[in-house]
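Okay, here's what each chain looks like letter by letter:
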Amino acid sequence: MNAAPGQGTAEAPPAVLGRLERYFKGNERAVAAAFFAAGFVFDMLTVGRIDSWLTIGQQAVYLAVIMAVLLQMFREQGQPAPEPAAMPRLRRWVFEYRGAAVHFLLGALLNLYAIYYFKSSSLVVSFAFLGFLVVLLLANESRRFKALGLPFKFALLALCFLSFFATLLPVLAGSIGLAMFLASMLVGALPLAGAAWRIRRSAPERFALARRQILVPLGCVLVGFLGFYLFRLIPPVPLSIPYIGVYHSVERTAEGYRLTHEREWWRFWHNGDQAFRAQPGDRVYVFFRIFSPSRFADQVQVRWYWRAGGGIGGWALHDSIPMGIVGGREQGFRGYGFKANYQPGSWKVQVETTDGREIGRIYFDLEAAAQAPRIWQSQFQ
């Protein structure tokens, strides 16, 4: 029996949509995780510079909207719920969708700050802090979180305020360090502390509730931030190292820095000579690029560590060399250090801020080799 003209094409799309709907319902968690991971990677590749005034302004608007909505929800506690049918259309729309808007904006901000910290961190050092942010980011997407009360939402807002000013103040001041971090924590706590103070002035009978729902979450987040900083687990935003490698020679030319190495083709995951064969008279160069905002001028420490062959024993500090950096270059400030006196074994070079927070590191193994011809390769940075 032949189908009528157009019958197959008319029924196929609903059938496909039905199968997709059944698949999504049966694999809701897996699909949500896949979309979350894809969105995070997409944002990481497309997010603008940390010192972009457009991005900074967007964050400020998001924070202001979230704070206004949460304070409105705070004021409505204990009052009879309004009848949506009796509201004007715009107010009814805001009332119905404001909770979803808060979750969306909190998720956008947490995603942005997780990316900033991810780019500025050495995962070996900052894994705990980044893991904590990712857990909060996932919690914001969960149904259970959406059912939680205002204290947890104010805690996430406090985290966003502290992260916002932890990135903004170094951009404005052009430097980082302990004093700058403490100043950013103080300024970041002011909006919510000021809101609680205003509640105390205008409605003293509700201040006890404000203390439990606003000030206590703020204090917990603040103490957590200070604890992470004390153990040097907070990445040193706004600095980041997009590239670091080990080379036999670094020369400055009109085309940029020429980096010379003899890496075998199959060690494609190495940056330069991370399996370094040192012939008599060789120097070991470590080249890196540090991204920093425009008008940024500060110092970093380049620390060289050595460990005897076989990986027995701990790392021994050989050198700590200060280096001034300036910001503004799109690809990052280019710098390098070298060693002429070294021993065979395992080496590690860490680039740190003046307050001891790690920006990046690289490992390489060095072995002594007899004098012999070599085939050099070059790249430019």
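See the structure shown above.
Right, let's walk through the structure included here. (Residues numbered from 1 in each chain as written. Predicted model: local features only at pLDDT ≥ 70, side-chain atom pairs only at ≥ 80, totals over all residues. Heavy atoms only, no water.)

Section: the pattern of salt bridges
For clarity, the threshold we go by: Take a side-chain nitrogen of Lys or Arg and a carboxyl oxygen of Asp or Glu: if they are within 4 Å of each other, that pair is a salt bridge. Working definition: with a 1.4 Å probe on protein chains only, accessible area under 20% of the residue-type maximum means buried, over 50% means exposed, and in between means partly exposed. In this description a helix means any DSSP run of H or I spanning at least four residues, a strand means any run of E spanning at least two, and both kinds are numbered starting from the N terminus.
Applying the stated criterion to the full structure yields 11 salt bridges. As a salt-bridge pair, Arg-49 and Asp-51 come within 2.9 Å of each other at their nearest N and O atoms. A residue is classified by how much of its surface remains accessible, and Asp-51, at 10% relative accessible area, is buried. Among the salt bridges present, the one from Glu-352 reaches Arg-303, with a minimum N-O distance of 2.7 Å. Of the two residues, Glu-352 sits in strand S9 (residues 345–353) while Arg-303 sits in strand S6 (residues 297–307), which places them 49 residues apart along the sequence. For the pair Glu-352 and Arg-303, a shared accessibility class is recorded, and that class is buried. Salt bridges here are not isolated pairs; linked through shared partners, they connect Glu-262, Glu-264, Arg-267, Arg-277, Asp-282 and Arg-374.

Section: a nonpolar patch on the surface
Selection rule: What makes a patch is a set of residues exposed beyond 30% relative accessible area and free of salt bridges, joined within 9 Å when like-charged and within 5 Å when nonpolar (Val, Leu, Ile, Met, Phe, Trp, Tyr). Reported accessibility uses the Shrake-Rupley method at a 1.4 Å probe radius. Residues are deemed covered only where the shown protein chains occlude them.
Together, Trp-265, Trp-266, Phe-268 and Trp-269 make up a nonpolar patch on the protein surface, roughly 630 Å² of accessible area in all. Secondary-structure assignment places Trp-265 in the loop between strand S3 (256–261) and strand S4 (275–278). The exposure class of Trp-265 is exposed, given its relative accessible area of 76%.

With respect to the nonpolar core
To keep it simple, the criterion reads: Residues belong to one nonpolar core when they are buried, are Ala, Val, Leu, Ile, Met, Phe, Trp, Tyr or Cys, and are joined through side-chain atoms within 4.5 Å. Any pair of residues with heavy atoms lying within 4.5 Å of one another is described as a contacting pair.
By size, the foremost hydrophobic cluster in this structure holds 53 residues, and its most contacted members are Tyr-113, Tyr-117, Leu-157, Leu-192 and Phe-225. Breaking this core down by element, the ones donating at least two residues are helix H3 (53–75), helix H4 (89–120), helix H5 (123–141), helix H7 (150–173), helix H8 (178–202) and helix H9 (207–230). Residues contacting Leu-192, with those up to four places away along its chain left out, are Met-67, Phe-154, Leu-157, Ala-158, Phe-161, Ile-214, Leu-215 and Leu-218. Within the second largest apolar cluster, 25 residues are counted, among which are Val-286, Val-302, Trp-304 and Trp-347.

Brief notes about the sheet that holds S9
So the rule is basically this: Paired strands are those between which DSSP finds at least two bridges. Helix axes are fitted only over the stretch in contact, all axes being lines through C-alpha atoms; the angle between N-to-C directions runs from 0 to 180 degrees.
Strands sit in the order S4-S10-S9-S6-S7 across an open sheet of five strands; the sheet is mixed. Each end of this open sheet is capped by a strand with a single partner; those strands are S4 and strand S7 (316–326). Here the average twist between neighbouring strands, direction ignored, is 25°.

A few points about the side chain of Asp-298
Threshold: In this tally, Lys and Arg are treated as positive and Asp and Glu as negative; His is ignored, and so are the chain termini. Under the rule applied, a polar contact is a pair of N or O atoms within 3.5 Å (in protein, one hydrogen donor and one hydrogen acceptor; residues adjacent in sequence only if both atoms are side-chain atoms).
Position of Asp-298 relative to the elements: it lies in strand S6. One buried charge, Asp-298, has no salt-bridge partner; the nearest side chain with opposite charge is Arg-357, at 8.7 Å. Looking at Asp-298, its side chain comes within polar contact range of the main-chain nitrogen of Ile-176, at 2.9 Å. The residues contacting Asp-298, other than those within four sequence positions of it, are Ser-175, Ile-176, Met-323, Gly-324 and Ile-325.

Considering the sheet that holds strand S11 (residues 377–380)
In spatial order, the strands read S2-S3-S11; together these three strands make up an open sheet with antiparallel pairing. Single-partner strands in this sheet number two, and they are strand S2 (249–253) and S11. Averaged over all adjacent pairs, the angle separating strand axes in this sheet is 25°, with direction ignored. Relative to S11, S3 runs antiparallel, the two being bridged by four bridges. Note on S11: the bridge partner recorded for Arg-258 is Phe-380.

Considerations on H8
Going by this rule: The span expected for a helix works out to 1.5 Å for each residue beyond the first. The bend reported for a residue corresponds to the angle between axes fitted to the seven residues ending at that residue and the seven starting there.
In this model H8 runs 36 Å from its N-terminal to its C-terminal C-alpha over 25 residues, within 8% of the 36 Å that 1.5 Å per residue would give. At Leu-190, H8 is deflected by roughly 40°, the largest bend along its length, and proline Pro-191 occurs up to four residues later in sequence. Among the residues of H8, those classed as buried are Met-180, Phe-181, Ser-184, Met-185, Gly-188, Ala-189, Leu-192, Ala-195, Ala-196 and Ile-199. The secondary structure elements touched by the buried residues of H8 are H3, H7 and H9.

Considerations on the packing of aromatic side chains
This is how the line gets drawn: Put simply, two rings from Phe, Tyr or Trp (the six-membered ring, in Trp's case) pair if the centres are within 6.5 Å, and we call them stacked under 30 degrees between planes, edge-to-face over 60, tilted for the rest. Whether a charge sits over a ring comes down to the Lys NZ or Arg CZ being within 6 Å of the ring centre and within 35 degrees of the ring normal.
Overall, the coordinates contain 11 aromatic pairs when judged by the stated rule. With a centroid separation of 6.2 Å and 55° between ring planes, the pair formed by Trp-266 and Trp-269 is classed as tilted. When its relative accessible area of 39% is taken as the criterion, Trp-266 is described as partly exposed. A centroid spacing of 5.4 Å and a plane angle of 40° characterise the contact between Tyr-285 and Phe-338, whose relative ring orientation is tilted. Of this pair, Tyr-285 sits in strand S5 (residues 284–291) while Phe-338 sits in strand S8 (residues 333–339), and the two are 53 residues apart along the sequence. Residue classification places Tyr-285 among the buried residues on the basis of a relative accessible area of 11%. Exposure remark for Phe-338: the relative accessible area of 36% places this residue in the partly exposed category. Members of the aromatic cluster, connected to one another through ring pairs, are Tyr-257, Tyr-285, Phe-287, Tyr-336 and Phe-338. Its end group placed over the ring of Phe-74, Arg-206 keeps NZ or CZ at 5.2 Å from the ring centre. Note that Lys-339 overlies the ring of Trp-304, its terminal NZ or CZ placed 6.0 Å from the centroid.

Honestly, it's all geometry; don't read function into it.
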